[in-house]
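Structure at a glance
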Amino acid sequence: MTYHYFLLGDTMPVRVTLNDKAFKLAAEVPDRNKGCLVQDVKYIGRIEESFEVEEITEDEFDKLCTQIYTQRIDPKHLPNLE
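Residues numbered from 1 in each chain as written. Predicted model: local features only at pLDDT ≥ 70, side-chain atom pairs only at ≥ 80, totals over all residues. Heavy atoms only, no water.

**Regarding helix H2 (residues 58-71)**
The first and last C-alpha atoms of H2 sit 20 Å apart over 14 residues, in line with the 20 Å expected at 1.5 Å per residue. What H2 keeps buried is the set Phe61, Leu64, Cys65, Gln67, Ile68 and Tyr69. For H2, the secondary structure elements touched by its buried residues are strand E1 (2-8), strand E2 (12-18), strand E3 (24-31), strand E4 (36-39) and strand E5 (53-56). (Helix = DSSP H or I, 4+ residues; strand = E, 2+ residues; numbered from the N terminus. Expected span 1.5 Å × (residues − 1). Buried < 20%, exposed > 50% of the residue type's maximum accessible area, 1.4 Å probe, protein only. Contact = heavy atoms within 4.5 Å.)

In structure tokens:
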């Protein structure tokens, strides 16, 4: 199993779990109310269909999640990574 990390629409960091054959098994997104990642498979389809998706590093993903958890901000208002 491996993880790939994405930023969907400049707002939502998504971690996707892939098996050894690169099949997408699960997607996890930060839940600001729970303070942890939650599984939500609808994001697999969104990543595959969206023109506004970019692959990011694990560090960038962690940074965005931390911002969501600690500041309890809406992912729609995330600051830029730069």
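Anyway, onward from the coordinates.
**Points about the sheet that holds E5**
A sheet is described by the order of its strands in space; here five strands give the open sequence E4-E3-E2-E1-E5, paired in antiparallel fashion. This sheet does not close on itself; its edge strands, each paired only once, are E4 and E5. The average angle at which neighbouring strand axes cross in this sheet is 35°, direction not considered. Relative to E4, E3 runs antiparallel, the two sharing four bridges. By the bridge assignment, Pro30 is partnered in E4 with Leu37. Where helix H1 (residues 42-49) meets the sheet, it contacts E1, E2, E3 and E5, and its direction lies at approximately 100° from that of E3. Those strands touched by H2 are E1, E2, E3, E4 and E5, and its axis lies near 130° from that of E2. (Pairing = 2+ DSSP bridges. Axes fitted to C-alpha atoms, helices over the stretch in contact; angles between N-to-C directions.)

**Points about the pattern of salt bridges**
Using the criterion set out here, one finds three salt bridges in the structure. Of the charged contacts in the structure, one is a salt bridge between Lys42 and Asp40, with a shortest N-O distance of 3.6 Å. The exposure class assigned to Asp40 is partly exposed, which follows from its relative accessible area of 22%. (Salt bridge = Lys/Arg side-chain N within 4 Å of Asp/Glu carboxyl O.)

So, to be careful, I would describe these as geometric facts and stop short of saying anything about function.
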